[in-house]
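Commentary on secondary and tertiary structure
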Amino acid sequence: MASAAAASPSLSLNQTSHFQHQTSLVTWLKPPPSSALFRRKTLPFFERHSLPISASSSSSSTSLSVHEKPISNSVHFHGNLIESFENQDSSYAGTIKGASLIEELENPVERNGLSGRRRLFMQDPPWISALFLKGLSKMVDQTLKIERKDIDKRKFDSLRRRQVKEETEAWERMVDEYRDLEKEMCEKNLAPNLPYVKHMFLGWFQPLKDVIEREQKLQKNKSKKVRAAYAPHIELLPADKMAVIVMHKMMGLVMSGHEDGCIQVVQAAVSIGIAIEQEVRIHNFLKRTRKNNAGDSQEELKEKQLLRKRVNSLIRRKRIIDALKVVKSEGTKPWGRATQAKLGSRLLELLIEAAYVQPPLTQSGDSIPEFRPAFRHKFKTVTKYPGSKLVRRYGVIECDSLLLAGLDKSAKHMLIPYVPMLVPPKRWKGYDKGGYLFLPSYIMRTHGSKKQQDALRDISHKTAHRVFEALDTLGNTKWRVNRNILDVVERLWADGGNIAGLVNREDVPIPEKPSSEDPEEIQSWKWSVRKANKINRERHSLRCDVELKLSVARKMKDEEGFYYPHNLDFRGRAYPMHPHLNHLSSDLCRGTLEFAEGRPLGKSGLHWLKIHLANLFAGGVEKLSHDARLAFVENHLDDIMDSAENPIHGKRWWLKAEDPFQCLAACVILTQALRSPSPYSVISHLPIHQDGSCNGLQHYAALGRDSFEAAAVNLVAGEKPADVYSEISRRVHEIMKNDSSKDPESNPTAALAKILITQVDRKLVKQTVMTSVYGVTYVGAREQIKRRLEEKGVITDERMLFAAACYSAKVTLAALGEIFEAARAIMSWLGDCAKIIASDNHPVRWITPLGLPVVQPYCRSERHLIRTSLQVLALQREGNTVDVRKQRTAFPPNFVHSLDGTHMMMTAVACREAGLNFAGVHDSYWTHACDVDTMNRILREKFVELYNTPILEDLLQSFQESYPNLVFPPVPKRGDFDLKEVLKSQYFFN
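The shown structure was predicted, so the numbers you read here are calculated from the model rather than taken from an experiment.

Before going further, it helps to spend a moment on unusual backbone geometry. Comment: phi is negative for the bulk of residues other than glycine, and the bulk of peptide bonds are trans. Unlike most non-glycine residues, Ala500 shows phi in positive territory, near 55°. Among the secondary structure elements, Ala500 is positioned in the loop between helix H17 (483-494) and helix H18 (519-556). Given the relative accessible area of 15%, Ala500 is considered buried. Positive phi is not limited to glycine here, since Cys694 has a value of about 50°. Assignment of secondary structure puts Cys694 in the loop between strand S19 (688-691) and helix H24 (695-704). In this structure Cys694 comes out as buried when scored by relative accessible area, which is 9%.

Shown next as structure tokens:
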């Protein structure tokens, strides 16, 4: 037996059983006496001592002894156990792996009267594992966990510092950049090679800074009685920073919203005033929060010291609320529109004085270069509507044509303050508490509605905690730029655009004036020129928009991830606060963004990825059954792989998709999976969408419980998706067919019906049906259908086109009323309730199921005249008289919007609790491919949970309690549809 043991000096774990089988006498000893345990406990393990175990080969049972003397090539136990084992000398015969058996042979030695014997590191008996290795493993895990936390914390702190700089030092960096460029220009005696817009800014920077400094000194030296109204505020920032803000804000407005090269003075002045106020607030906050600033005067230091003493005194006396009031009172109070407009107008005036442009030098060298103002202030007169004698006169800032030329190519050099965040947003805790770290953030976009602001300020965290929680969930979703798609976009854009939904980068040529004096030809030429100019203005605006989106994508593409803080519109729908590159925007943005976290596709994920690709291709494919969509993808695998591997110079199948860039992103990940030997394990970052089918009508169907309407919008399971738009178009076709058979003399619509009967299809009625639940009027429906008829090009006469659009709109709305009778009844009831409330001069208010107060902001606006240094400005502000018509017509769609926002937020929180990544675009819910099944279950459960509450009854009760003197009609009768059917409907969201 002994020889057998001796012949096997090195045994691994999988050999242990064989060893025990051959040497049946080898057994574990009982635990040693307490003295041995005591000795074991006192071993100095962490002073790099080994734990050799002695085994006697001559004994029938293995004897064990513990040696305390360190030996050469010993195992050193420290924080990283694996590393210490890997670093051992190769003299070990075996490796330690888990509970392995390793034998080490040494020369015989004498130690403490013990004869030298072969010594083994061998598999520990149970009592050793319990006392030592288990504790050691736990200690190593804890150490590694602490190290990871330390690394994550250092990384987070670094990102947070960068985020703070982005929010607080952006304007200062611009100032430094222009100073450096000026210095370079002076030293080298030439202008640096700069992009167009930066070249202009560099020329304006110093003159504008000088005139602002002059104005600051002038106002400072005046007595309080004769100082201008804007004087206290123009001194709050350094002149160079103020100059940079004015230049960038003005040019931002020119890029995004000019009309015929003009910007309204009111818009420009208020925008500049708001930007200055925001920077002042950040500047003051940072100044207050630093204990001692190098630039503080003795008075400021003394004032800070007194304030701290006062606050500390109140805290010691446990007057916490008073202490908070003192601190809060030190903050910058809101300026108000009048102050913003006055300061903005004066800064605009100084910009007009300082900013010049220079035409290209075509003169001879001796001639004086021509300079002309970049901006001019003038007044425009417009009629209220065509043919009206009522005119309106307003001031504008006109931009020089040289300034506009090439501006869209320089949009990427503009400063965008609200960029995606590098760290998760602050948690929402109140109306203005949450979102960005320093930039002003408000939980709702109230657009100046004081009634809505007051309702939100009064809300407690306990009441609206679920809304705050949902916004935090959306804000904590981590995104990154899909570099593959961005590269494709950049190449197509560099080649001139005009493909994949990108705007053409070239302008339409302006027609030349005809040599003929024929009045008709001249009139036709003028019309052509107007049309060409209109197209070019639209293209310019779209080009600027693309450049702004791409500039953000370029800036963020090297980041590991970023976040979008979210807030709400007044109805309770969530939106990202960053306006340019976000997932609510165009196909370009959606295709360029993906989840920062990747997850393995899995079997169900591959299934949903294929369905997602078919949905993005659209063209009617998205209305087929899931099996038919999967078959479509299988039939186009060659096209899909070619698109992924050669998107620019291949067959370009992806360009046929309705959402080409998103389709290309899906092609790339599907190709990776199909090329992989293990497709289910491929990591996907792609968000998979599940969209409601005519979601507004789905909410009405759930409110009315009408079985027919529920089936029409997929609340009931079916073999394939029900298509409400096709159903309406069939009914419209039937009505027109009946009308076409009537006598044209007695029925004037008969002739129109004969022309239109061949043009009625799903696309003609889709937009009208979709927007009907959101309050589309007859005029709105007429314009929608007119655009579709223009696209078809069958009717070319303008008068005939208008008449056909009028008739089609009436028929479509009638067909809609016939099919969705219960929905129409609820819409009418909501409108009637709103009219009753508004007629008593109250805005309609309600509380959403998540506790969010909503106030409709439609009031008669009042003109508020502000005399500024530039002109008298007429500011619009909320009046005290409500607009009854708007309150009535807007309430049904706004109420349904608040319900779909509620459903999305409920789903978002539940998905987070289930461990899913979630993003929402109103009625389109996104998650990883592998998690679609879980999200589908959750969103159906939350829909049923939402509509199992008596929503209309609760609304009526709240109206009756708020307006006890008013009489409201009863809630419309509901059908007998069982909401639990939604849980079984695979096409409810699909």
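Having put the structure on the table, let's press on.
Across the sheet, which stays open at both edges, the three strands sit in the order S13-S12-S16 with antiparallel pairing between neighbours. What marks the edges here is a single partner per strand, and that holds for strand S13 (562-563) and strand S16 (593-595). As paired strands, strand S12 (residues 478-481) and S16 are joined by three bridges and run antiparallel to one another. Paired with Trp479 across the strands is Phe595, a residue of S16.

The full count for this structure, using the stated rule, is 45 salt bridges. Among the salt bridges present, the one from Asp507 reaches Arg543, with a minimum N-O distance of 2.8 Å. Pair noted here: Asp507 is in the loop between H17 and H18 and Arg543 is in helix H18, with a separation of 36 residues, a long-range link. A salt bridge links Lys610 to Glu634; the shortest N-O distance between them is 2.7 Å. With Lys610 in helix H20 (residues 602-617) and Glu634 in helix H21 (residues 626-635), this residue pair connects regions lying 24 residues apart in the sequence.

This paragraph deals with the nonpolar core. With 113 residues, the main nonpolar core has Leu715, Ile728 and Phe820 as its most contacted residues. A per-element tally of this core places helix H32 (residues 884-913) first, with twelve residues. Those residues in contact with Ile728, other than ones at most four positions away along the chain, are Val765, Val769, Thr812, Ala815, Leu816, Ile819 and Phe820. In this structure, Ile485, Leu486, Cys589 and Ala673 belong to the second largest nonpolar core, which totals 59 residues.

On to the sheet that holds strand S14 (residues 566-569). Sheet architecture is open: three strands sit in the order S11-S14-S15, paired in mixed fashion. Either end of the sheet is taken by a strand with one partner, and the two such strands are strand S11 (444-445) and strand S15 (574-576). In the sheet, S11 pairs with S14 via two bridges, with the strands oriented parallel. What sits directly across from Met444, in S14, is Leu568.

The terminal C-alpha atoms of H20 lie 23 Å apart, and with 16 residues this matches the ideal 22 Å at 1.5 Å per residue to within 8%. The element H20 is extensively covered by neighbouring structure, given that twelve of its 16 residues are classed as buried. Those residues of H20 lying buried are Gly605, Leu606, Trp608, Leu609, Lys610, Ile611, His612, Leu613, Ala614, Asn615, Leu616 and Phe617. Packed against the buried residues of H20 are H21, helix H22 (637-645), helix H23 (660-675), S19 and helix H33 (932-947).

Glancing now at a positive patch on the surface. Together, Lys835, Arg885, Lys886 and Arg888 make up a region of like positive charge exposed at the surface. At three residues, the largest contribution of residues to the positive patch is made by H32. Topologically, Lys886 is positioned in helix H32. Residue classification places Lys886 among the partly exposed residues on the basis of a relative accessible area of 39%.

What follows concerns the confidence of the model for the chain. Of all residues in the chain, 75% have pLDDT values of 70 or greater, and the mean over the chain is 79. Scored below 50 in pLDDT, residues 1-122 shows 164 contacts in the model against residues more than four places distant or in partner chains.

Calculation rules
Residues numbered from 1 in each chain as written. Predicted model: local features only at pLDDT ≥ 70, side-chain atom pairs only at ≥ 80, totals over all residues. Heavy atoms only, no water. Helix = DSSP H or I, 4+ residues; strand = E, 2+ residues; numbered from the N terminus. Buried < 20%, exposed > 50% of the residue type's maximum accessible area, 1.4 Å probe, protein only. Pairing = 2+ DSSP bridges. Salt bridge = Lys/Arg side-chain N within 4 Å of Asp/Glu carboxyl O. Core = buried A, V, L, I, M, F, W, Y, C linked by side-chain atoms within 4.5 Å. Contact = heavy atoms within 4.5 Å. Expected span 1.5 Å × (residues − 1). Patch = residues over 30% accessible without salt bridge, like charges linked within 9 Å, V, L, I, M, F, W, Y side chains within 5 Å. Areas by Shrake-Rupley, 256 points an atom, 1.4 Å probe, with all protein chains shown as cover. Lys, Arg positive; Asp, Glu negative; His and termini not counted. Charge placed at Lys NZ, Arg CZ, Asp CG, Glu CD. pLDDT = per-residue confidence, 0-100.

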